[in-house]
Amino acid sequence: MADLLRLRADDDPVASAVRLLPDILTALDADGGVIVENLLGAEPASRILADLADGYAATDPGSSSGSELWETFHGQNTVRFTGLAARSRTFVDHALLNPTLLAVADALLLPNGADYWLNTGQVMGVGPGEPAQYLHRDENNWPEAVADGKELTVSCMFALGDFTADNGATVVLPGSHRLPAGTRRGDDETDGRFEHARAEMPAGSGMIYTGKVVHGAGANVTESMRHGMHVSYVVGWLRPEEASPLMVDRDLAATLPVRARRLLGWSSYHSVGGGRTWLVDFEDAERLFADR
Ligand SMILES: O=C(O)CCC(=O)C(=O)O
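Residues numbered from 1 in each chain as written. Predicted model: local features only at pLDDT ≥ 70, side-chain atom pairs only at ≥ 80, totals over all residues. Heavy atoms only, no water.

1. Quick look at the site of the ligand
Okay, step 1: In the neighbourhood of the ligand, the contacting residues comprise Phe73, Arg80, Met124, Gln133, His136, Asp138, Met157, Thr170, His215, Gly216, Ala217 and Arg226.
Okay, step 2: Between an oxygen atom of the ligand and a side-chain N or O atom of Thr170, the distance comes to 2.6 Å.
Okay, step 3: Within the side chain of Arg226, an N or O atom sits 2.7 Å from an oxygen atom of the ligand.
Okay, step 4: The protein chains hide 96% of the 290 Å² of surface that the ligand would expose on its own.
Okay, step 5: More than half of the atoms of the ligand fall within 2 Å of the grid points belonging to the largest pocket.
Okay, step 6: Looking at the shell around the ligand residue by residue, the class counts come to 4 nonpolar, 5 polar and 3 charged. (Near = heavy atom within 4 Å. Polar contact = N/O pair within 3.5 Å; in protein donor to acceptor, adjacent residues only side chain to side chain. Areas by Shrake-Rupley, 256 points an atom, 1.4 Å probe, with all protein chains shown as cover. 1 Å grid on protein atoms, 1.4 Å probe; cavity = no way out; pocket = protein on both sides within 12 Å on 5 of 7 lines; lining within 4 Å. Sits in = over half its atoms within 2 Å of the grid points. Nonpolar A, V, L, I, M, F, W, Y, C, P; charged D, E, K, R; others polar.)

Dropping the structure here:
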């Protein structure tokens, strides 16, 4: 059993980002994942969980995609839903705009694109009795774009409740981020060469990881749900997993900080080479808020 480096944020999120960033980047380079206790904070974590109560109540566990692969991937007893920015302002202020997470995304993604946006903010509530998820790499959402040495996406698994070895704490294979582009699965493709680390962490923590590290939800052998919340960003020239502007409408977007709005797709992408995409009347989508 391997361990991930464990750091701790203090109660000043901006100062913590500055203090922790060098160690986080070193750990991501070495292992592909790192635990930051208090990254979100216990109080915001419980507020988000309360804000999401309706989402939990309205969502059956499992996937109804009709695809065997996706139904296996999602798990039959795991609750997933998105649209978190529309459900919780605390999510926006403390998770989507988390200064440490954004600093990591700046460092890893801006070398590979002029900007990045939210890939998805997603509840991952692993239910009692759920077996371990198959191990995978997040970057394989975009198989046409994966390349050695190029980070397309960076993620954080926030613990909204305690993560333990028994309730399904995320399993990470440290070092597996160095495997060649195109690696898809965990142990079956790596002959068990990589030790498993468990992201055991108290509520309010976050495990930050790159799109290249092999990982997956652990088995939940307890009687209670493991409350996880995945937040990830993807370079601005790729299409995100979640259609955020279809979940956060223009009126709600107008009430959010400009940075949040941009991350949620209510602005356009200006490539380094001058190309512009996701425009409105051939201008930046920001113009939709000019008179608000
Ligand atoms: O729930 C977890 O711990 C990880 C889930 C995951 O990696 C995924 O569904 O993409």
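The structure having been displayed, the exposition proceeds.
2. Re the layout of surface pockets
Okay, step 1: Taken as a whole, the largest pocket spans an internal volume of roughly 620 Å³.
Okay, step 2: In this structure, the largest pocket is lined by 37 residues; those nearest its centre are Trp70, Phe73, Gln133, His136 and Asp138.
Okay, step 3: Going through the elements one at a time, helix H4 (68–74), strand S3 (78–81), strand S4 (116–126), strand S5 (153–159), strand S9 (215–216) and strand S10 (226–235) are the ones with two or more residues in the lining of the largest pocket.
Okay, step 4: Broken down by class, the residue content of the lining of the largest pocket amounts to 11 nonpolar, 18 polar and 8 charged.
Okay, step 5: Roughly 340 Å³ of internal volume is contained in the second largest pocket.
Okay, step 6: Contributing to the lining of the second largest pocket are 20 residues, with Trp117, Gly236, Leu238, Pro240 and Trp278 lying nearest its centre.
Okay, step 7: Of all the secondary-structure elements, those providing two or more residues to the lining of the second largest pocket are S4 and helix H9 (244–247).
Okay, step 8: Here the lining of the second largest pocket takes 3 residues from H9, the largest share from any one element.
Okay, step 9: Looking at side-chain class alone, the lining of the second largest pocket contains 10 nonpolar, 5 polar and 5 charged residues. (Points joined across faces, edges and corners; volume = space filled by probe spheres on them. Helix = DSSP H or I, 4+ residues; strand = E, 2+ residues; numbered from the N terminus.)

3. Things to note about the side chain of Asp138
Okay, step 1: Inspection of the secondary structure puts Asp138 in the loop between S4 and S5.
Okay, step 2: Here Ser155 takes part through its side chain, which lies 3.2 Å from a polar atom of the side chain of Asp138.
Okay, step 3: Apart from residues lying up to four places away in sequence, Asp138 is in contact with Thr153, Ser155, Tyr209, Gly211, His215 and His230. (Contact = heavy atoms within 4.5 Å.)

4. Quick word on the sheet that holds S9
Okay, step 1: Here we have 3 strands laid out as an open sheet, ordered S7-S6-S9, and antiparallel in their pairing. With one partner strand each, in any of the chains shown, strand S7 (197–198) and S9 form the two edges of the open sheet.
Okay, step 2: One ladder, built from 2 bridges, connects strand S6 (residues 171–172) with S9; its direction is antiparallel. Bridge pairing in S9 places Val171 opposite Gly216. (Pairing = 2+ DSSP bridges.)

5. Some words on the pattern of salt bridges
Okay, step 1: Applying the stated criterion across every chain, the model contains 11 salt bridges.
Okay, step 2: Here the residues in one salt-bridge network are Arg6, Arg8 and Glu37, joined through shared partners. (Salt bridge = Lys/Arg side-chain N within 4 Å of Asp/Glu carboxyl O.)

6. Some thoughts on the pairing of strand S8 (residues 206–210)
Okay, step 1: S8 sits mainly inside the fold: 5 of its 5 residues count as buried.
Okay, step 2: Because side chains alternate across S8, one face comprises the buried residues Gly206, Ile208 and Thr210, and the other comprises Met207 and Tyr209, equally buried.
Okay, step 3: Pairing geometry for strand S2 (residues 33–37) and S8, over 4 bridges, is antiparallel. Its bridge partner being in S8, Ile35 is matched across the sheet by Met207.
Okay, step 4: Across 5 bridges, S5 lies against S8 in antiparallel orientation. Paired with Val154 across the bridge in S8 is Thr210. (Buried < 20%, exposed > 50% of the residue type's maximum accessible area, 1.4 Å probe, protein only.)

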